[in-house]
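Overview (structure and organization)
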Amino acid sequence: MKSTGLLHDVQKVVRHELERINTDRAPLHSPREAYAILKEKSEDARDKCNQTEHFIQIFRERISTRTDAYYVEALMFARDCAIECAVEAIRVAIAAQNTADCIEKASKQEEV
């Protein structure tokens, strides 16, 4: 798979995730709830990044032991985890934007 194909796949996943989240978006009840959601999504992203690092480390170990047959396997796991990490990071960004939108909307309603 070429880099452009990979980028296209990631863009598709991001578009799908945006549509899903925007469809399911419920108003937030408090800043504490928003914080809890952001923290959870951030932890999910960190977990995926840690998994990516784990498979990169496995790739390094394969290089050290010259286990050529498993290079590609470790790299594909790292790639897949990195894509999942990107999706989780997009979820954090969307949650942050949704939170900002809710706060802005609430502020405008208080002004009226």
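Details of the structure are given in the entry above.
Anyway, here's the lowdown on the structure attached to this text. (Residues numbered from 1 in each chain as written. Predicted model: local features only at pLDDT ≥ 70, side-chain atom pairs only at ≥ 80, totals over all residues. Heavy atoms only, no water.)

1. Digging into the pattern of salt bridges
Opposite charge on two side chains makes pairing possible when the charged atoms of those side chains draw close. Here is the rule we go by: Between Lys or Arg on one side and Asp or Glu on the other, a salt bridge is scored when a side-chain nitrogen of the former is within 4 Å of a carboxyl oxygen of the latter. Each helix corresponds to a stretch of at least 4 residues labelled H or I by DSSP, and each strand to a stretch of at least 2 residues labelled E; elements are numbered beginning at the N terminus. Three labels apply to residues, based on accessible area from a 1.4 Å probe with only protein chains included: buried if under 20% of the type maximum, exposed if over 50%, partly exposed otherwise in between.
Applying the stated criterion to the full structure yields 5 salt bridges. Its salt-bridge partner being Lys 39, residue Glu 43 comes within 2.7 Å of it at the nearest N-O pair. A residue pair is termed a helical-turn pair when its members lie 3 or 4 positions apart in one helix, as Glu 43 and Lys 39 do in helix α2 (residues 31–64) at 4 residues. In this structure Lys 39 comes out as partly exposed when scored by relative accessible area, which is 38%. With a closest N to O distance of 2.7 Å, Arg 91 and Glu 88 form a salt bridge. Pair noted here: Arg 91 and Glu 88 are both in helix α3 (residues 71–111), with a separation of 3 residues, about one helical turn.

2. Observations regarding the environment of Cys 81
Which entries qualify depends on this criterion: Contacts are residue-level and defined by heavy atoms, with any inter-residue pair within 4.5 Å sufficient.
Within the secondary structure layout, Cys 81 lies in helix α3. Sequence-distant contacts of Cys 81, defined by excluding residues within four places in its chain, comprise Lys 48, Gln 51, Thr 52 and Phe 55.

3. Looking at a nonpolar patch on the surface
For the record, the criterion: Each patch groups residues whose relative accessible area exceeds 30% and which form no salt bridge, using 9 Å between like charges and 5 Å between nonpolar side chains of Val, Leu, Ile, Met, Phe, Trp and Tyr. Here the open area of atoms and residues is found with the Shrake-Rupley method and a 1.4 Å probe, where only the protein chains shown may cover a residue.
Together, Val 72, Leu 75 and Met 76 line one region of the surface with nonpolar side chains, adding up to about 250 Å² of accessible area. Here Val 72 is to be found in helix α3.

4. Overview of the packing of aromatic side chains
Spelled out, the test is: A pair of Phe, Tyr and Trp rings is counted when the ring centres sit within 6.5 Å of each other, with Trp represented by its six-membered ring. The angle between the planes then sorts it: under 30 degrees is stacked, over 60 is edge-to-face, the rest tilted.
Taken as a whole and judged by the stated rule, the model has 2 aromatic pairs. Ring geometry for Phe 55 versus Phe 77: centroids 4.9 Å apart, planes at 20°, classification stacked. With Phe 55 in helix α2 and Phe 77 in helix α3, this residue pair connects regions lying 22 residues apart in the sequence. Summarising the aromatic geometry, the rings of Phe 59 and Tyr 71 are spaced 5.6 Å apart at their centres and angled 75° between planes, so their arrangement reads as edge-to-face. Placement of the pair is Phe 59 in helix α2 and Tyr 71 in helix α3, with a sequence separation of 12 residues.

5. Thoughts on the state of the cysteines
What counts, and what does not: When two cysteine sulfur atoms lie within 2.5 Å, the pair is treated as a disulfide.
Summed over all chains, the structure comprises 1 disulfide. Residue Cys 49 pairs covalently with Cys 85 via a disulfide, S to S 2.2 Å. In this pair, Cys 49 is assigned in helix α2 and Cys 85 in helix α3, connecting sequence segments 36 residues apart. Judged by its relative accessible area of 29%, Cys 49 falls in the partly exposed class. Assessed through its relative accessible area of 11%, Cys 85 is described here as buried. For Cys 81, which is in no disulfide, the shortest distance to another cysteine sulfur is to Cys 85 and amounts to 9.0 Å. Under the relative-accessibility criterion, Cys 81 is labelled buried at 7%.

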